[in-house]
Amino acid sequence: MSTVTVAKKDFKAARRSKLLWAAAIALGLIAAFVGYVSGSAAGSGTERVQLLFRVLTMLLAVLLPIVALVASYLAIAGEREGGGIKFLLSLPNTRRGVFVGKLLSRNGIVAGGVAFMYVAAVSVALTRHGAFPAAVIFGTLLVTLVYGSVFVSVAMAMSSAVASRSRAIAGAFGTYFALVILYLVPGVSVAAIARWLHTTLLGADPNPDLYNAVQYTSPYLAYRKAINLVMPEEMRQNIFRSSLPEDLRFEPVGANDALPMYLQDQFSLVVLAFWLVVPLLIGYVLFERADLE
């Protein structure tokens, strides 16, 4: 059994999940609803469609991690608890083949859900606005697929570290809270925690750039910053604010130009690459060393 065969078998088994189908349909309905509502926005047809995909990416920043985690958190742990992993490895198959096959299938499932949402959004955009800004549509699609793959990688690493469904579920909830929720709630945000540790516990002077850099470790914020790279300038989100006074900033001044290099939009690609590669390496090592008896 080759890696491709493992991927095909796992994809067929996972696609029968009613929960995943419900998630895909929900994403499609959300896209259609946002596309319909965007018809009341000001501007040309192209600007309305660009706004539509900007809103969709803001929703996907919160919703897609849930879909990716649900689709992937049992990829290895479920097989270990149910005993299926012994069957897979009893065939002429290696642990690496199983791990990569599972990774490919779960990425395919998540990508299918994203594609379904984009088809719904594009259909509404063409019907209602008669515009197709290809750069924005394909640009946001590419970044979104990478974002989904990041959480698949995280879920695969987590699934490789545990041997039961209950621990995998707890890990999925914990991962979502640590990488997304903590960056949404102002009162308990990572920036607020970093500021308290820096100023209260260590007694140092406030350093907004430091707190922003701590926040930027999140794939959630990295995704939102990466979307700026493919959006028109007037629709870009100002996630961080410069700590420099106006008279000390370089000219010409833009919301991104005034920030240190490690807080600019381009650095989001480094953050996403880190979360895409490092969890996979950790997950693979854990799976190779796991006692499957």
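From a predicted model like this one, the values you see are computed outputs, not experimental measurements.

The subject of this paragraph is the overall build of the protein chain. Summing up its helical and strand segments, the protein chain has twelve helices and zero strands in all. Secondary structure elements of the protein chain occur, N-terminal to C-terminal, as α-α-α-α-α-α-α-α-α-α-α-α. For the protein chain, the spread of C-alpha atoms along the principal axes amounts to about 70 × 60 × 30 Å. With 293 residues in all, the protein chain has 47% of them scored as buried. For the protein chain, the exposed surface amounts to about 14500 Å²; the carbon and sulfur share of it is 66%. When the 24 positive and 16 negative side-chain charges of the protein chain are each reduced to one mean point, those points stand 15 Å apart.

What the rule picks out here adds up to five salt bridges. With its nearest N and O atoms 2.6 Å apart, the salt bridge here joins Glu-79 to Lys-102. With Glu-79 in helix α4 (residues 77-82) and Lys-102 in helix α6 (residues 95-128), this pair connects stretches of sequence that are 23 residues apart. The residue Asp-265 makes a salt bridge to Lys-225 at a minimum N-O spacing of 3.0 Å. Placement of the pair is Asp-265 in the loop between α11 (219-228) and α12 (268-289) and Lys-225 in helix α11, with a sequence separation of 40 residues. Here Asp-265 and Lys-225 have matching classes, each one buried.

For the structure on display, the rule yields eight aromatic pairs. Pairing Phe-274 with Trp-275 gives two aromatic rings, centres 5.8 Å apart and planes at 90°, and the pair type is edge-to-face. Take Phe-274: its relative accessible area is 45%, and that puts it in the partly exposed class. Assessed through its relative accessible area of 17%, Trp-275 is described here as buried. One aromatic cluster is present, formed by Phe-99, Tyr-284 and Phe-287 through successive ring pairs. The ring of Phe-287 has Arg-95 sitting right over it, with the charged end atom 5.9 Å from the ring centre.

This part covers a nonpolar patch on the surface. On the surface, a nonpolar cluster with roughly 540 Å² of combined accessible area is contributed by Ile-193, Trp-196, Leu-197, Leu-201 and Leu-202. Relative to the assigned elements, Leu-202 resides in the loop between α9 (190-201) and α10 (208-215). The exposure class of Leu-202 is exposed, given its relative accessible area of 66%.

Here Gln-50 shows up in helix α3 (residues 45-72). Apart from residues no more than four positions distant in its own chain, Gln-50 is found in contact with Pro-133, Val-136, Met-231, Pro-232 and Met-235.

It is worth spelling out helix α1 (residues 3-14) at this point. Under the 1.5 Å per step criterion, the end-to-end length of α1 is 16 Å for twelve residues, consistent within 8% with the ideal 16 Å. Looking only at α1, the buried set comprises Val-6, Ala-7, Asp-10 and Ala-14. The arc that holds the buried residues of α1, viewed along the axis, is 100°, so those residues lie on one side. Each element contacted by the buried residues of α1 is listed here: α2 (18-37) and α6.

The next point concerns the packing of helix α7 (residues 134-161) against α12. It is the contact of α7 with α12, at a shortest axis distance of 8 Å, that shows an interaxial angle of 25°. Taken as axis vectors, α7 and α12 run roughly parallel relative to one another. Classified by chirality, the crossing of α12 by α7 is left-handed. In contact with Val-146, Tyr-147, Ser-149, Val-150, Ser-153, Val-154, Ala-157, Ser-160 and Ala-161 of α7, α12 contributes Leu-272, Trp-275, Leu-276, Pro-279, Leu-280, Gly-283, Leu-286 and Phe-287.

Attention now moves to the packing of α1 against α6. At a minimum axis separation of 7 Å, α1 and α6 run at an interaxial angle of 45°. In terms of orientation, α1 lies oblique with respect to α6. When you trace α1 past α6, the crossing you get is right-handed. Counted together, Thr-3, Val-6, Ala-7, Asp-10, Phe-11 and Ala-14 of α1 and Gly-97, Val-98, Val-100, Gly-101, Lys-102, Leu-104, Ser-105, Arg-106, Gly-108 and Ile-109 of α6 form the full contact between these two elements. Residues belonging to the contact of α1 with α6 are distributed by class as follows: eight nonpolar, five polar and three charged.

With that out of the way, let us pick up the environment of Pro-65. Structurally, the position occupied by Pro-65 is in helix α3. When its relative accessible area of 0% is taken as the criterion, Pro-65 is described as buried. Placed 165 residues apart in sequence, Pro-65 and Val-230 show a C-alpha to C-alpha distance of 21 Å.

Definitions and limits used
Residues numbered from 1 in each chain as written. Predicted model: local features only at pLDDT ≥ 70, side-chain atom pairs only at ≥ 80, totals over all residues. Heavy atoms only, no water. Helix = DSSP H or I, 4+ residues; strand = E, 2+ residues; numbered from the N terminus. Buried < 20%, exposed > 50% of the residue type's maximum accessible area, 1.4 Å probe, protein only. Areas by Shrake-Rupley, 256 points an atom, 1.4 Å probe, with all protein chains shown as cover. Lys, Arg positive; Asp, Glu negative; His and termini not counted. Charge placed at Lys NZ, Arg CZ, Asp CG, Glu CD. Salt bridge = Lys/Arg side-chain N within 4 Å of Asp/Glu carboxyl O. Phe/Tyr/Trp six-rings, centres within 6.5 Å; stacked < 30°, edge-to-face > 60°. Lys NZ or Arg CZ within 6 Å of the ring centre and 35° of its normal. Patch = residues over 30% accessible without salt bridge, like charges linked within 9 Å, V, L, I, M, F, W, Y side chains within 5 Å. Contact = heavy atoms within 4.5 Å. Expected span 1.5 Å × (residues − 1). Arc of directions from axis to C-beta. Axes fitted to C-alpha atoms, helices over the stretch in contact; angles between N-to-C directions. Parallel < 35°, antiparallel > 145°, perpendicular 65-115°, else oblique. Left-handed = near helix turned anticlockwise from the far one by under 90°. Nonpolar A, V, L, I, M, F, W, Y, C, P; charged D, E, K, R; others polar.

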